[in-house]
Amino acid sequence: MRFQEVQRKTKETDVRVSVNLDGEGKATISAGVPFLDHMLTSLATHSLIDISASVKGDLVHHCVEDLALGLGEALNKALGTREGITRFGSAAAPMDCSIAFAAVDLVKRPYGKLDLKLKGKKIEDMPTEDIVHFFESLIQTLQANIHILVLYGSNDHHKAEAATKALALALRQAITIDPRRKGVPSSKGVI
């Protein structure tokens, strides 16, 4: 099994994350920010990655950031050398009035391009700038090239949820073991 646990403790937060890449999409999330709980549950459900995550902290921003860093680190470690994986994944996901596209390359070179088209200051209890920062932080410690684009939508909640679901579906493809693949999926021989 491709499983990893990470604990990240600072003066601001205490984060615990575990992931099972070969899971069923089970989610046990306690972020203290209900909309973040919702996003992570959706990510687990649609990627089929089991995610257990909890954070206690001083500020919403610190909790969101450090949980994303811990999740990315756990996913990165669970992927190991990335031998045998598909490596690339892409997906579009609609959510009512919105549609989002995500493309993932698990190349171990962090780069992100986000265009979520969020207009308001908050979605439920979460500042929209923290939603963007969640994805940015996740990309850094996952060490992946990830592009997430919301093509259109009139509701910020639906845009963020479509983006999360598109990412989940793209990750599901990218982490899948390819039975024909020998070694790492790179013409260089290393990732």
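The structure contained in this document is the topic of the report that follows. (Residues numbered from 1 in each chain as written. Predicted model: local features only at pLDDT ≥ 70, side-chain atom pairs only at ≥ 80, totals over all residues. Heavy atoms only, no water.)

1. Some points on the environment of I191
Looking at the secondary structure, you find I191 in the segment after α4 (156-175). Considering only alpha carbons, one finds I191 and R82, 109 residues apart in sequence, at a separation of 7.6 Å. Sequence-distant contacts of I191, defined by excluding residues within four places in its chain, comprise R82, R87, L106, V107, K108, V184, P185 and S186. (Helix = DSSP H or I, 4+ residues; strand = E, 2+ residues; numbered from the N terminus. Contact = heavy atoms within 4.5 Å.)

2. Structural notes on the pattern of salt bridges
Overall, the coordinates contain eight salt bridges when judged by the stated rule. We note a salt bridge from K165 to E161, for which the minimum N-O separation is 3.2 Å. Of this pair, K165 and E161 both sit in helix α4, four residues apart, which is roughly one turn of that helix. Here the two residues K165 and E161 agree in accessibility, since each one is buried. (Salt bridge = Lys/Arg side-chain N within 4 Å of Asp/Glu carboxyl O. Buried < 20%, exposed > 50% of the residue type's maximum accessible area, 1.4 Å probe, protein only.)

3. A few points about the packing of aromatic side chains
Applying the stated rule across the entire model yields one aromatic pair. Here F134 and F135 contribute two aromatic rings whose centre-to-centre distance is 5.7 Å and whose plane-to-plane angle is 75 degrees, an arrangement assigned as edge-to-face. Comparing F134 with F135, the two get one shared label, buried. (Phe/Tyr/Trp six-rings, centres within 6.5 Å; stacked < 30°, edge-to-face > 60°.)

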